[in-house]
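Letter by letter, the chains look like this.
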Amino acid sequence: MSSDRPKTPKDSHYARLRRQHRSLSAPSPSDRSAERSGGRRHLPPSLPTDGLVRLYGLHTARAALDNPRRTVERVLATRNALHRLGLEETAAHAFSLEIVDPREIDRILGSDAVHQGVLVEAKPLKPKPLAALGETALVVVLDQVTDPHNVGAVIRSGVAFGAGALVTTARHSPQESGVLAKSASGALEHIDLIEVRNLADALGELHKAGFQTIGLDSDAPAELEKSFAGTRIALVLGAEGKGLRQKSRETVDTLARLDMPGAIRSLNVSNAAAIALYAARRHLNL
């Protein structure tokens, strides 16, 4: 799937963070030289070395602070952001609170980050096993979607349309990060994150739990709206460009397409997820 929307400064910020994220697994010659000389390799600003994640933006920060499952260690905020978050400077908090100038957050995150004057350092949310899925009637399954911007946008749509969980694989999926959380705009705190090792096995478990698994494929013969059956739906989406893997295509109950009569026949994966979620919710009468 692809998107023709105009590029913005925010896009370049996300692209820069994704490039930095990928560079962690492929050290450059200068990194190796620094390591040999006893120096430390430089890590991107959204990936602290202490096991914490850096979450930024008012919606993201407020949702993290309100989530009882989230352990917040430190908050850096301007006085204006502090007021907008409803926090009192003199009140007792379970986390360290620092009043800072916006430039201090810029220094940590980079000047392109749209942080709105607040930075939250917190422990990552712990993914759940498939056995913890619960009674939700609607879930989203991602087949090696690695772009954190896209995954965050899928999470946001999932929460908006009442999906109870996002299922991803332990490998070939992005770790929780500031860019993912900012793209989710607070929704990361409102959905169960299910992590599995083998997606085909997980789809089999979803079948046993009463889910109809529907893989989205632009070349599928059936229209999505005409493919729904039953009372529990799992929408399975693949990465942009390569789509669903062959094993996933063979494992899902149904392959279906979004009917697009216009000149463009494909969508960004997060946009496709939003439309499919809307259609599934109408079928389920949620």
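A word on the pairing of strand β6 (residues 165-169)
As a general feature of sheets, a regular strand has side chains that alternate between the two faces. Of all five residues making up β6, five are buried, and the element is well covered by its neighbours. Going residue by residue along β6, you find A165, V167 and T169 tucked away on one face and L166 and T168 tucked away on the opposite face as well. When strand β5 (residues 138-143) meets β6, the two strands line up parallel, connected through three bridges. Residue pairing across strands places V141 opposite V167, the latter belonging to β6. As a crossover connection, the stretch from β5 through helix α6 (residues 148-160) into β6 is right-handed. Here five bridges tie β6 to strand β7 (residues 192-196), and the two strands are oriented parallel to one another. By the bridge assignment, V167 is partnered in β7 with I194. For the segment spanning β6, helix α7 (residues 178-184) and β7, crossover handedness is right-handed.

Some points on unusual backbone geometry
Its identity is not glycine, yet Q116 carries a phi of approximately 55 degrees, on the positive side. Residue placement: Q116 occurs in the loop between α5 (102-109) and β4 (118-122). If you check the backbone angles, Q144 has positive phi at about 60 degrees while not being a glycine. Tracing the sequence through the fold places Q144 in the loop between β5 and α6.

Considerations on helix α3 (residues 58-66)
Of all the residues in α3, the buried ones are L58, T60, A61, A63, A64 and L65. Turning to α3, the residues buried within the fold contact β1 (53-56), β2 (72-77), α4 (79-85), β4 and α7.

Focus: the sheet that holds strand β10 (residues 233-238)
If you trace the seven strands from one edge of the open sheet to the other, you get β7-β6-β5-β10-β8-β11-β9, paired in parallel fashion. At either end of the open sheet lies a strand with only one pairing partner, and these are β7 and β9 (222-223). Looking at chain direction, strand β8 (residues 212-216) and β10 are connected through four bridges and run parallel. Paired with I214 across the strands is L235, a residue of β10.

Brief notes about the nonpolar core
Within the largest apolar cluster, 53 residues are counted, with the highest numbers of intra-cluster contacts made by V118, I155, L166, L216, L224, L235 and L237. Ranked by the residues each element gives to this core, the list is headed by helix α10 (residues 269-284), at eight residues. Apart from residues lying up to four places away in sequence, L237 is in contact with V140, V141, L142, D143, V145, L216, L244, V269, A272 and A273. Judged by nonpolar contacts, the second largest core, of 17 residues, contains L130, A165, L244 and V252.

With respect to the environment of A184
Topologically, A184 is positioned in helix α7. Under the relative-accessibility criterion, A184 is labelled buried at 0%. Those residues in contact with A184, other than ones at most four positions away along the chain, are G152, I155 and R156.

Some words on α6
Spanning 13 residues, α6 covers 18 Å between terminal C-alpha atoms, matching the ideal 18 Å at 1.5 Å per step. Burial analysis of α6 places 10 of its 13 residues in the buried class, which makes it a mostly covered element. The opening residue of α6, the one whose side-chain oxygen lies 2.8 Å from the backbone nitrogen of H149, is D147. Of the residues trailing α6, G162 is marked for its positive phi of about 85 degrees.

Criteria and cut-off values
Residues numbered from 1 in each chain as written. Predicted model: local features only at pLDDT ≥ 70, side-chain atom pairs only at ≥ 80, totals over all residues. Heavy atoms only, no water. Buried < 20%, exposed > 50% of the residue type's maximum accessible area, 1.4 Å probe, protein only. Helix = DSSP H or I, 4+ residues; strand = E, 2+ residues; numbered from the N terminus. Pairing = 2+ DSSP bridges. Right-handed = clockwise from strand over helix to strand, strands pointing away. Contact = heavy atoms within 4.5 Å. Core = buried A, V, L, I, M, F, W, Y, C linked by side-chain atoms within 4.5 Å. Expected span 1.5 Å × (residues − 1). Polar contact = N/O pair within 3.5 Å; in protein donor to acceptor, adjacent residues only side chain to side chain.

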